[in-house]
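What follows is each chain in one-letter form.
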Amino acid sequence: MSDREPPRRRVPGPARPARPASAGRRPGPGARPARRPAAARPAAPRVIRLGSPRPRLRLVGLALALVLIAFVVRLLQVQAVDASTYAAKAEQNRYVGQILAAERGEITDRSGVALASSEDAYDITADPTMFAPAELKTGDGPEQAAALLAPILGQEQSALVKKLRPRNAGARYAKLAGRQTPQVWKQIKDLKSALATKAESDPATVNVLAGVFSVPSSKRVYPNGELAAGILGWVNSEGKGGGGVEQQLNTTLAGKDGKIRYAQSGGRQVPTAGSTETPAVPGSDVELTIDRDIQWAAQNAITEQVKESKADRGYVIVQDTRTGEILALANSPGFDPNDLSRANPDALGNAALQDAYEPGSTAKVMSMAAVLEENAATPLTHVTVPNRLHRGDRLFQDDIDHETWYLTLNGVLAKSSNIGTILATGQLGRTQAQANQTLYSYLRKFGIGSHTGLGFPGETKGILAAPGDWSTSQQYTIPFGQGVSINALQAASVYSTIANGGVRVEPTLVRGTKGPDGRFTPAEAPQKTRVVSAKTARTLAQMLESVVDDREGTGTKARIPGYRVAGKTGTANRVDPATGKYRGYTSSFAGFAPADNPRVTVYCAIQNATDGGYFGGQICGPIFKKVMEFSLKTLQIPPTGAKPANLPVFFAP
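Just so we're clear, the structure is a prediction, and the values are computed from it rather than from any experiment.

Time to look at the pattern of salt bridges. Taken as a whole and assessed by the stated rule, the structure comprises 19 salt bridges. Of the charged contacts in the structure, one is a salt bridge between Arg313 and Asp355, with a shortest N-O distance of 3.1 Å. Placement of Arg313 in strand S12 (residues 313-320) and of Asp355 in the loop between helix H11 (351-354) and helix H12 (364-373) is noted, with a sequence separation of 42 residues between them. The salt bridge involving Asp576 is made with Arg583; its shortest N-O contact spans 2.9 Å.

In structure tokens:
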């Protein structure tokens, strides 16, 4: 301790003036700053610092830019890329196209009298897109519209709903009903206007008929009712021929439909907007060979007899022997083409052309023609006719029992002897097979087994088997008209061929057509075929006179005072179409007048007469007389005044 110096004591220096601790120096590390007295420190104002607006503006600007870009891109797509597509859609939604039905040509008789014509009508149509829920603001628009239209159009409501809601989405056209009368369209139009007026005053009302329209059309009418209905046929709901001449010449009669395309708005046509139209071309008129008055006489006569005889049906044909033109073709029962809903389905069509039946004894004239043309016999050749004749597998007889007849060939035809006809045609060949072949060739020449040439819908060509296929009995029954089938026009044509000097002229039903320009175009000339010589035809005409004029003949009820008449009766066993078995009879009469200068052929047949007589001479002879007398007077054909040949019927044994 002694080595150390004693501590020095600090001597206080002179006093310094006091200053704040903070003045002139900084506090050292860890030193706390001196606090000022609270009263001496002033309060500082609070400052709010705003965020920068630039990011937000950039975001908004970017969004607007994207929107504008989207609009520009869409605008370019609509106006540049897809412009044609959208224009087409707009055009489609704005414009409506409809068909303009062509006016159907008239059908007239040979004198220009209308038998079928057309009158103003309307097709009721609709635009299905205008019945959509989005358009009508209701989901049951088609149902409401159908409920209003059904009683007016006479259709089922469900059927109309289907048309107003088609399977093809977007379809703009639906045909609700065709060929309605102006009265029907007026009912719809008045109802449509009433709904439109109410909708304007009451927003809650929906005009459910706004999409219903009309298209001018025409309706087929038949001013004579049932007259010639079997010839004329009818027009179906689609405006096409459904039978007869209406069907056969549908293309000629129908013409060519046109088209119209117009702008519409709210279901109405915009008159100021452009429209395009292709006019319809009217159909041509068709002039038939039929004489309306003769047709009426024939139809009236056969209708009365069918009713009186309680028969299934009957037909009458009147033909001009020189030209082959059909002057009348009547059927009974018939139908009214103005109202097919009431027609008997069995009466539709034309039975005179569509029925195939066994003609019976009227066919014997062809057998006699073959015998005379082949010089196998003459009208005066003697034919001994027993009461029964055994041939093949059958025992043949005539329609009545008789003692042995001693007939001339003329008498065989006058008495309508089956046995005599078998014996005569047996001379056509050295063998029966040769005779069959010869007879067959003449039947074919007369048009049997072939269509008549009319081209009529449903026409039958009959049934004629080849001779090699004839059964044992057929080779003996065909000569007298059994075992072979024909139609009524074929039968009439056979007699017209004989009346025309042995030349067959194809039957014709149409004289010509008259186009929209009024120019008449005659029908093609019918085909002509010589069947037998003029000498044979004259001889046959004389023999056929004996059937009517001779008191021994079977056709005396067909006599016409002052005129020479050639004719033949027929009574054949009839095949029942329902069972295919023989039941009842076919009664017929065929002939022409004047016999020495033929002008008119008349053929009549009645199927299955059940009340009174059934022999052809009894029930068809009077019809022949009535229709022939009327025809001769109508055509102003005078009697020739010449005396008949009066060929003998019997010979002395």
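Across the chain, pLDDT averages 88, with 87% of residues at or above 70. The model gives residues 20-25 a pLDDT under 50, and that stretch makes one contact with residues more than four places away or in other chains.

A few words on the sheet that holds strand S13 (residues 326-332). Taken together, five strands build an open sheet; the order of strands is S13-S12-S24-S23-S22 and the sheet is antiparallel. Of all the strands in the sheet, the pair left with one neighbour each is S13 and strand S22 (566-575). Ignoring strand direction, the axes of neighbouring strands in this sheet form an average angle of 10 degrees. Pairing geometry for strand S23 (residues 582-593) and strand S24 (residues 600-607), over eight bridges, is antiparallel. When the sheet's bridge partners are listed, Thr586 is paired in S24 with Gln607.

The next thing to look at is the layout of surface pockets. Taken as a whole, the largest pocket spans an internal volume of roughly 790 Å³. Mapped by element, the contributors of at least two residues to the lining of the largest pocket are strand S16 (394-397), S22, S23 and helix H19 (616-619). In terms of residue count, S22 provides more of the lining of the largest pocket than any other element does, five residues in total. Class assignment for the residues of the lining of the largest pocket results in 10 nonpolar, 17 polar and six charged.

When you line up the elements, Thr460 lands in the loop between helix H15 (432-445) and helix H16 (474-477). Overall, Thr460 belongs to the buried group, its relative accessible area being 18%. For Thr460, the side chain forms a polar contact with the main-chain nitrogen of Gly462, separated by 3.0 Å.

Our focus in this paragraph is the side chain of Thr497. Following the sequence through the fold, Thr497 ends up in helix H17 (residues 488-499). Judged by its relative accessible area of 1%, Thr497 is buried. Ignoring any residue separated from it by four or fewer positions in sequence, one finds Thr497 in contact with Phe446, Gly502, Val503, Arg504 and Val531.

So, on to the pairing of strand S14 (residues 382-385). Only one face of S14 is covered, namely the one carrying Val383 and Val385; the face carrying His382 and Thr384 has none of its residues buried. Across four bridges, S14 lies against strand S17 (residues 405-408) in antiparallel orientation. When the sheet's bridge partners are listed, His382 is paired in S17 with Thr408.

In this section: the packing of H12 against helix H14 (residues 418-425). The interhelical angle for the contact between H12 and H14, taken along N-to-C directions, is 30 degrees, at an axis separation of 10 Å. Here H12 lies roughly parallel to H14, going by the angle between them. When you trace H12 past H14, the crossing you get is left-handed. From H12, Lys364, Ser367, Met368 and Val371 reach across to H14, where they touch Asn418, Thr421, Ala424 and Thr425. The residue makeup of the contact of H12 with H14, split by class, is three nonpolar, four polar and one charged.

Applying the stated criterion to the full structure yields 10 aromatic pairs. Between Phe396 and Phe480, the aromatic rings sit 6.2 Å apart at their centres with planes inclined by 80 degrees, giving edge-to-face as the arrangement. Pair noted here: Phe396 is in strand S16 and Phe480 is in the loop between H16 and H17, with a separation of 84 residues, a long-range link. Across the pair, exposure class does not vary: Phe396 and Phe480 are buried alike. Both rings, one in Tyr585 and one in Tyr614, keep their centres 4.1 Å apart while their planes meet at 5 degrees; by these two values the pair is stacked. One end of the pair, Tyr585, is in strand S23; the other, Tyr614, is in the loop between S24 and H19, and 29 residues separate them in sequence. The exposure class assigned to Tyr585 is partly exposed, which follows from its relative accessible area of 29%.

A few words now on H14. Taking burial as the measure, the eight residues of H14 include seven buried ones, the bulk of the element. Listed as buried for H14 are Asn418, Ile419, Gly420, Thr421, Ile422, Ala424 and Thr425. Where H14 begins, the side chain of Ser417 points an oxygen toward the backbone nitrogen of Gly420, at a separation of 2.9 Å.

What follows deals with unusual backbone geometry. Residue Pro333 follows Ser332 across a cis peptide bond; omega there is 0 degrees. Geometrically, the link from Ala593 to Pro594 is a cis peptide bond, its omega value of -15 degrees lying close to zero. You can see Pro594 is positioned in the loop between S23 and S24. At Arg179, a position not held by glycine, the phi torsion is positive, near 55 degrees. Residue placement: Arg179 occurs in strand S4 (residues 174-180). Even without being glycine, Gln636 reaches a positive phi, approximately 55 degrees. Here Gln636 shows up in the segment after helix H20 (621-634). For Gln636, a relative accessible area of 70% corresponds to the exposed category.

Looking now at H15. In this model, H15 (14 residues) spans 20 Å end to end at C-alpha, consistent with the 20 Å of a helix rising 1.5 Å per residue. Taken from the residues just after H15, Gly447 is the one with a positive phi, measuring 100 degrees.

Before going further, it helps to examine a nonpolar patch on the surface. On the surface, Leu62, Leu66, Ile69 and Val73 cluster together to form a nonpolar patch covering roughly 390 Å² of accessible area. Its location among the elements puts Val73 in helix H1 (residues 54-81).

Attention shifts here to the pairing of strand S19 (residues 510-514). Strand direction decides the pairing type here: strand S11 (residues 285-288) and S19, joined by four bridges, are antiparallel. Bridge pairing links Leu288 to Val510 in S19. Across three bridges, S19 lies against strand S20 (residues 520-522) in antiparallel orientation. Paired with Lys514 across the strands is Phe520, a residue of S20.

Conventions used here
Residues numbered from 1 in each chain as written. Predicted model: local features only at pLDDT ≥ 70, side-chain atom pairs only at ≥ 80, totals over all residues. Heavy atoms only, no water. Salt bridge = Lys/Arg side-chain N within 4 Å of Asp/Glu carboxyl O. Helix = DSSP H or I, 4+ residues; strand = E, 2+ residues; numbered from the N terminus. pLDDT = per-residue confidence, 0-100. Contact = heavy atoms within 4.5 Å. Pairing = 2+ DSSP bridges. Axes fitted to C-alpha atoms, helices over the stretch in contact; angles between N-to-C directions. 1 Å grid on protein atoms, 1.4 Å probe; cavity = no way out; pocket = protein on both sides within 12 Å on 5 of 7 lines; lining within 4 Å. Points joined across faces, edges and corners; volume = space filled by probe spheres on them. Nonpolar A, V, L, I, M, F, W, Y, C, P; charged D, E, K, R; others polar. Buried < 20%, exposed > 50% of the residue type's maximum accessible area, 1.4 Å probe, protein only. Polar contact = N/O pair within 3.5 Å; in protein donor to acceptor, adjacent residues only side chain to side chain. Parallel < 35°, antiparallel > 145°, perpendicular 65-115°, else oblique. Left-handed = near helix turned anticlockwise from the far one by under 90°. Phe/Tyr/Trp six-rings, centres within 6.5 Å; stacked < 30°, edge-to-face > 60°. Expected span 1.5 Å × (residues − 1). Patch = residues over 30% accessible without salt bridge, like charges linked within 9 Å, V, L, I, M, F, W, Y side chains within 5 Å. Areas by Shrake-Rupley, 256 points an atom, 1.4 Å probe, with all protein chains shown as cover.

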